[in-house]
Amino acid sequence: MEASVFSPLSDVERIKTASRLLRGTLAESLDDAWTGALRVDDTQLIKFHGSYQQDDRELRNERELAKLEPAYSFMIRTRTPGGVVTPAQWLALDAIAQRYANGSLRLTTRQAFQIHGVIKRELKPTLQAINAALIDTIAACGDVNRNLLIASNYDASPIHAEVHAQAVALGEHLLPRTRAYYQLWLDEEQIAGTPEEEPIYGPTYLPRKFKIGFAVPPSNDVDLFAQDLGFAAIIENGVLTGYNVSAGGGLGTTHGDARTYARLGDTLGFITCADLIKVGEAVLTTQRDHGNRSDRKLSRLKYTIDRLAVDVFKAEVERRAGVVFAPARIVVWRQQGDRFGWQESAAETPGRASLTLRIQAGRIADREAATNLTGLREIARIHAGDFRITPNQNLAIAGITPDTRAAIADLVRAHGLDLHEHLPPVRLNSLACVAFPTCPLAMAEAERYLPAFGAKVEELLENHGLARADIGVRISGCPNGCSRPFLAEIGLVGKALGRYNLHLGGDRLGLRLNRLYRENIDESEILSTLGGLFARYANERENSEGFGDYTLRRVLEVGAGEQP
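Described in the following lines is the structure provided in the data block. On a predicted model such as this, the values are computed, not experimentally measured, just so you know.

Turning our attention to the overall build of the protein chain. Along the backbone of the protein chain there are 17 helices and 20 strands. Expected size for 564 residues packed as a compact globule is a radius of gyration near 24 Å; at 23 Å, the protein chain falls within 12% of this value. Viewed in the frame of its principal axes, the protein chain has a C-alpha envelope of about 75 × 60 × 55 Å. For the protein chain, restricting intrachain contacts to residue pairs at least 6 apart in sequence, the fraction spanning at least 24 positions comes to 68%. Of the roughly 22,300 Å² of accessible surface on the protein chain, 52% is carried by carbon and sulfur atoms. One way to put it: in the protein chain the 65 positive side-chain charges average out to a point 2 Å from where the 70 negative ones average out.

See below:
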């Protein structure tokens, strides 16, 4: 099978080709004290090092009138597979956010930390401090395999620890091999004449970002079928025997471009644990060689598979891996979200417990009403287990010992970290991306809008006797879909300031895409539409029918939202 040829190559492909394995002119950009920005090409390359150049969009006009350049700063994202950090690492990241960033930590839907507001001259000290905490940021962004999503029900059984270890091993295998990261940020000496290559990625890496997720059924907390590559653990007679493999998921779209679409992954078949790394590499290299390098809007694996056809893609993966997929095992999915509150650990760790906290939109900061950052800092100082970010922007304090349980519970209440005890299900299960003011792609608010919008949806549900209805709401500031809105029962996708596309009909298991229901509407129209639908749902639902299932059955499939 010959590699596909795309012409002309995109500008990003030119940048990668000339980058000398991700070095570019980053060193020169960092040394330029006359601007807070990097050179244009370097803004693409720094993504591979785990950072994005941003600016405060709300200050653009003011600064332009004052003849000042934009208020540039940098977001830095960690590579933390499964979102696991020790208390010492938590304290280090907290200190870094206070010293170099905007004083907050953000938990992402890919189980990573983001810190925002780092200025250029402090980029290198910040990355050095992160690495000193035994955390790195390489491949957290860019056209490579990103941070791995791994099932977060960490204390359910020993199987979860086994899956986590195998996932981490795959992630390490798929790391870039260039020493550029270590030389630029950690002052590793570059030895002249030493040959260097990327045995897996090649000199131009992947056509686009690549995302992998591991789930342990019956919980689909990682939204497995939204991933480029998904592994569903198969447990037989209490033993992890292998994985069902899915490929081709992806949710990003472009408004007004019908060529782009959200897609769920196709199940290719079953593999044993021994074949995990071979198959993972084969899927990645097939995308490397056959992905679209001309149009980045069409460069994700989902488009490659649809262009080649699933059977052709599967055969090529089998050829490269030297593995033949067995028929997929039967998997039953029963839950998708997080288990909030206290959970007793597995029998293997008697006496220990975990506590999952609701972190709204993943933002941890000290505010007048709740000093969340301070509270978690105090918890980290006495905690003997670890911290785990969930794929739903929440935080689990795992491995809590009996002698610290009461003290941790007191700190949770004292610092307003007990939202899980007070919020209704619709508020507990909502997600939002960062959006304004820093994301350059944002068209509408998301993170900052979520609390107010969630409260209004909560009020609507109460008015119709649905206060305890478990409905998933996700808001994205643009159609790139970082908060996975195209899987939500209610998804808002930013179209312009104050205006969104309303999507309905996803399920509560992450197994079905929703559909566009209303386009480019403001808050009053959104709430009016939802109010009418909630009234119908209260009167017409069947037994324990979810809102997404109801809207699919009674609204979306009868056309235009009219009564059947």
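The biggest cluster of nonpolar side chains holds 89 residues, and the ones touching the most others in it are Trp90, Phe214, Phe231 and Leu376. Each residue touching tryptophan 90, except ones within four places of it in the same chain, is listed here: Val85, Leu105, Phe113, Ile364, Leu376, Arg377, Ala380, Phe387 and Leu395. In terms of nonpolar packing, the next biggest core, distinct from the first, is built from 38 residues, Leu460, Ile490, Leu533 and Phe547 among them.

Our next topic: the sheet that holds strand E15 (residues 395–400). Reading across from one edge, E3-E14-E15-E12-E11 is the order of the five strands in this open sheet, with antiparallel pairing throughout. Of all the strands in the sheet, just strand E3 (84–85) and strand E11 (341–344) have a single pairing partner and so form its edges. Inspection of the sheet shows strand E14 (residues 386–389) paired to E15 by four bridges, in the antiparallel sense. Paired with isoleucine 389 across the two strands is leucine 395, which belongs to E15.

With respect to the element layout, proline 70 can be found in the loop between helix H4 (60–65) and strand E2 (72–77). Separated by 33 residues in sequence, proline 70 and alanine 37 have C-alpha atoms that sit 8.8 Å apart. Apart from residues no more than four positions distant in its own chain, proline 70 is found in contact with Asp55 and Arg63.

Our focus in this paragraph is the environment of arginine 339. Mapping arginine 339 onto the fold places it in the loop between helix H11 (310–321) and E11. Taking relative accessible area as the criterion, arginine 339 reaches 26% and is therefore assigned partly exposed. Along the primary structure arginine 339 and glycine 506 are separated by 167 residues, whereas in three dimensions their C-alpha atoms are 20 Å apart.

Take the pattern of salt bridges next. A complete count under the given rule lists 46 salt bridges for this structure. Here glutamate 122 and arginine 99 are joined by a salt bridge, their closest N and O atoms 3.2 Å apart. On the criterion of sequence distance, the pair formed by glutamate 122 in the loop between strand E5 (113–118) and helix H6 (123–132) and arginine 99 in helix H5 (residues 87–100) is long-range, its members being 23 residues apart. Taking the shortest distance from any N to any O, the salt bridge between glutamate 458 and arginine 427 comes out at 2.6 Å. Here arginine 427 lies in helix H14 (residues 425–428) and glutamate 458 lies in helix H15 (residues 450–463), a separation of 31 residues in the sequence. Across the pair, exposure class does not vary: glutamate 458 and arginine 427 are buried alike. A cluster of three or more residues bridged by salt bridges with shared partners is formed by Glu13, Lys16, Asp143, Arg293 and Arg296.

Next up on the list: the sheet that holds E5. Strand order across the open sheet formed by five strands is E1-E2-E5-E4-E13, with antiparallel pairing between neighbours. In the strand order of this sheet, the two ends are held by strand E1 (51–55) and strand E13 (363–364), each with one partner. Sheet topology note: the E1/E2 ladder contains five bridges and is antiparallel. Bridge pairing in E2 links tyrosine 52 to methionine 75. Set on the sheet, H5 makes contact with strand E4 (105–107), E5 and E13; between it and E5 the angle comes to about 20°.

Orientation of helix H12 (residues 372–382) relative to helix H13 (residues 402–414), taken along the N-to-C sense of each, is 170°, at an axis distance of 9 Å. Here H13 runs roughly antiparallel to H12, going by the angle between their axes. Facing H12, whose interface residues are Glu378, Ile379 and Ile382, H13 presents Thr404, Ala407, Ile408, Leu411 and Val412. Grouping the amino acids of the contact of H12 with H13 by side-chain chemistry returns six nonpolar, one polar and one charged.

About the thresholds
Residues numbered from 1 in each chain as written. Predicted model: local features only at pLDDT ≥ 70, side-chain atom pairs only at ≥ 80, totals over all residues. Heavy atoms only, no water. Helix = DSSP H or I, 4+ residues; strand = E, 2+ residues; numbered from the N terminus. Rg over C-alpha atoms; globule rule 2.2 N^0.38 Å. Contact = heavy atoms within 4.5 Å. Areas by Shrake-Rupley, 256 points an atom, 1.4 Å probe, with all protein chains shown as cover. Lys, Arg positive; Asp, Glu negative; His and termini not counted. Charge placed at Lys NZ, Arg CZ, Asp CG, Glu CD. Core = buried A, V, L, I, M, F, W, Y, C linked by side-chain atoms within 4.5 Å. Buried < 20%, exposed > 50% of the residue type's maximum accessible area, 1.4 Å probe, protein only. Pairing = 2+ DSSP bridges. Salt bridge = Lys/Arg side-chain N within 4 Å of Asp/Glu carboxyl O. Axes fitted to C-alpha atoms, helices over the stretch in contact; angles between N-to-C directions. Parallel < 35°, antiparallel > 145°, perpendicular 65-115°, else oblique. Nonpolar A, V, L, I, M, F, W, Y, C, P; charged D, E, K, R; others polar.

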